[in-house]
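Topology and contacts: notes
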Amino acid sequence: MNRLQSLLEVLDYTLDSKKKRHIAGGILLSISVLFGGLAFTVMTLKVEEESLE
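Each chain carries its own residue numbering, running from 1 in the direction its sequence is written. Residues qualify for local features only when their pLDDT is at least 70, as the model is predicted, and side-chain atom pairs are given and counted only at 80 or more; totals for whole chains, interfaces and linings, by contrast, use all residues. In computing side-chain properties, one takes all heavy atoms of the structure into account and sets aside hydrogens as well as water.

1. A few points about the overall build of the chain
Put simply, DSSP marks the helices as runs of H or I at least four residues long and the strands as runs of E at least two long, and each gets a number from the N terminus on. Across its full length, the chain holds two helices and zero strands. Accessible area is worked out with a 1.4 Å probe on protein chains only. A residue is then buried under 20% of its type maximum, exposed over 50%, and partly exposed in between. Burial status across the chain gives 0% buried among its 53 residues.

2. Some remarks on a nonpolar patch on the surface
Exposure above 30% relative accessible area and the lack of any salt bridge qualify a residue for a patch; like charges then connect within 9 Å, and the nonpolar side chains Val, Leu, Ile, Met, Phe, Trp and Tyr within 5 Å. Only the protein chains shown count as cover for residues, with accessible areas throughout obtained via the Shrake-Rupley method and a probe of 1.4 Å. Think of a salt bridge as a Lys or Arg side-chain nitrogen and an Asp or Glu carboxyl oxygen that are within 4 Å of each other. A cluster of nonpolar side chains, namely Ile-23, Ile-27, Leu-28, Ile-31, Leu-34, Phe-35 and Leu-38, defines an oily patch on the protein surface of about 700 Å² accessible area. Inspection of the secondary structure puts Phe-35 in helix H2 (residues 18-52). On the basis of relative accessible area, Phe-35 is assigned to the exposed category, the value being 53%.

3. Side note on the environment of Ala-24
In this structure, Ala-24 sits in helix H2. Residue classification places Ala-24 among the partly exposed positions, given a relative accessible area of 23%. Residues Ala-24 and Thr-14, ten residues apart in the sequence, show an inter-C-alpha distance of 9.8 Å.

The analysis is restricted to geometry; functional conclusions fall outside its scope.
Below you can see the structure in the form of structure tokens.
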């Protein structure tokens, strides 16, 4: 429980201004778009492989 509390305190200290929260949100959004694009690519590759057989 102390680890969770210390982690939350670090996050609270790190994201203490609107500018820092905005930057962190942009980074998280970029990462989610990246993984969404990778998932879409994998799904389309599997469809092509099945249709070739």
